[in-house]
Amino acid sequence: RWENARLCDELGGTEFLEEFLRVYVESRRPVTLTYLAGNSVQACISIALCQELLRANPSMEIRFVPKTGSPGSDLTHEDAKRLLTEGEDLFPLLGPDAAFHLVSDGPACHGLDPATLSRNVAEALLDATVIVADGQAYAELSGWKKPVYIGFRVNGRVAEVVHGVARQRGAIGFVRL
C-alpha cells in the first residue's frame, strides 16, 4: 500500500505520489498513461505496478515504452515481450486484449532524445494524459506540457548534487517534474 511508502522527505515525501494516485488512479476516470521503462532489473516490478494501476483504475490505458537495442542495463522491447509471455500467469491483466500496450521502437539511448524519437513513441507521448518514468535519465522531460512523474533512487554523485541528498542514504523519490 502507498501509505507505507518510504519516500525521502527532502524529495517531497509522499506528496507527489498522493497527487498521482488521487488524480489518475483513485478517480477512476479515463486516463492514458505512458510508462517509460528503466532498468531491466526493476522490470518485473514496473510491469507488476502497471497491472495494479489497471486493477485500481479500469478506465486506464497504459502504453509501456521499453528501450530499443541494448542501451546499458535498460529494459529492451524483446525482454519485455519475453517477461509478458513467460509471466502471463503473473500478469493476467496485461494480455493481448488488455488495456496494456507494449510500444515498439523505444529510445535507443539512456533517457529520451527528442531528435531521435520513433513515430510510435512520439504518438504514445502525444496521446498520454500523464507520463511516468523510471529513473533520473528521464529528467529532461521537465517543462513538458503534460504531467510527468519520475521514480528514482539517489545513487550517484550527480543525483546527490542535483537533489541535495547524500547518496549514501539511498533516498527514494517519486516527483512531478
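Structure first, text after, so check above.
In every chain, residue numbers begin from 1 and rise along the written sequence. Only residues with pLDDT of 70 or above have their local features reported here, since the model is predicted, and side-chain atom pairs are shown and tallied only from 80 upward, although totals for entire chains, interfaces and linings are computed over all residues. Side-chain descriptors were evaluated using all non-hydrogen atoms of the structure, hydrogens and water having been removed beforehand.

J.: With reference to specific residues and values, describe the overall build of the protein chain.
T.: Helix and strand assignments come from DSSP, with helices taken as H or I runs of at least 4 residues and strands as E runs of at least 2, each series counted from the N terminus. Summing up its helical and strand segments, the protein chain has five helices and six strands in all. Reading the protein chain from its N terminus to its C terminus gives the helix and strand order α-β-α-β-α-β-α-β-β-α-β. Over its C-alpha trace the protein chain gives a radius of gyration of 16 Å, about what one expects of a compact globule, namely 16 Å for 177 residues. Principal axes of the C-alpha set define a box for the protein chain whose edges measure 45 × 35 × 30 Å. A radius of gyration in this sense is built from C-alpha atoms; the matching globule rule multiplies 2.2 Å by the number of residues raised to 0.38.

J.: So what's going on with the layout of surface pockets? Which residues, and what values?
T.: Roughly 220 Å³ of volume is contained in the second largest pocket. Think of a 1 Å grid over the protein atoms and nothing else: a 1.4 Å probe that fits but is trapped marks a cavity, an open set flanked by protein within 12 Å on at least five of seven lines marks a pocket, and residues with an atom within 4 Å of a point count as lining. Looking at the second largest pocket, the residues that line it are Leu84, Thr85, Glu88, Phe91, Leu94, Gly95, Pro96, Phe100, His101 and Leu102. Elements that contribute at least two residues to the lining of the second largest pocket include exactly helix 3 (77-86) and strand 3 (100-102). No other element matches the three residues that strand 3 contributes to the lining of the second largest pocket. Here the residues of the lining of the second largest pocket are counted per class, giving six nonpolar, three polar and one charged. Grid points are joined across faces, edges and corners, and a volume is the space filled by probe spheres set on the points. Residue polarity follows a fixed list, in which Ala, Val, Leu, Ile, Met, Phe, Trp, Tyr, Cys and Pro are nonpolar, Asp, Glu, Lys and Arg are charged, and the others, Gly among them, are polar.

J.: Can you tell me about helix 4 (residues 119-127), naming the residues and giving the values?
T.: Within helix 4, burial applies to Val121, Ala124 and Leu125. Take helix 4 and look down its axis: the buried residues cluster within an arc of 95 degrees, on one side only. Exposed residues on helix 4 whose side chains face more than 90 degrees from its buried face are Arg119 and Leu126. By definition in these notes, contact holds between two residues if any of their heavy atoms fall within 4.5 Å. Its buried side turned inward, helix 4 meets strand 1 (31-36), strand 2 (60-65) and strand 4 (130-134). A simple rule labels every residue: compare its accessible area, found with a 1.4 Å probe on the protein chains alone, to the largest value its type can have, and call it buried under 20%, exposed over 50%, or partly exposed in between. Taken from the helix axis, the directions to the C-beta atoms give the arc we talk about.

J.: Describe the nonpolar core, with residues and values.
T.: Buried residues of nine kinds, namely Ala, Val, Leu, Ile, Met, Phe, Trp, Tyr and Cys, make up a nonpolar core once their side-chain atoms join them within 4.5 Å. By size, the foremost hydrophobic cluster in this structure holds 50 residues, and its most contacted members are Phe20, Leu33, Ile62 and Phe100. It is helix 1 (residues 15-26) that contributes the most residues to this core, six residues altogether. Leave out the neighbours within four places in its chain, and Phe20 touches Val25, Leu33, Leu53, Val130, Val132, Tyr149 and Phe174.

J.: Give a detailed account of unusual backbone geometry, specifying residues and quantitative values.
T.: We note that Arg28 has phi near 60 degrees; this positive angle belongs to a residue other than glycine. Note that Arg28 resides in the loop between helix 1 and strand 1. Here Asp105, not a glycine, exhibits a phi torsion of approximately 65 degrees, which is positive. Taking relative accessible area as the criterion, Asp105 reaches 43% and is therefore assigned partly exposed.

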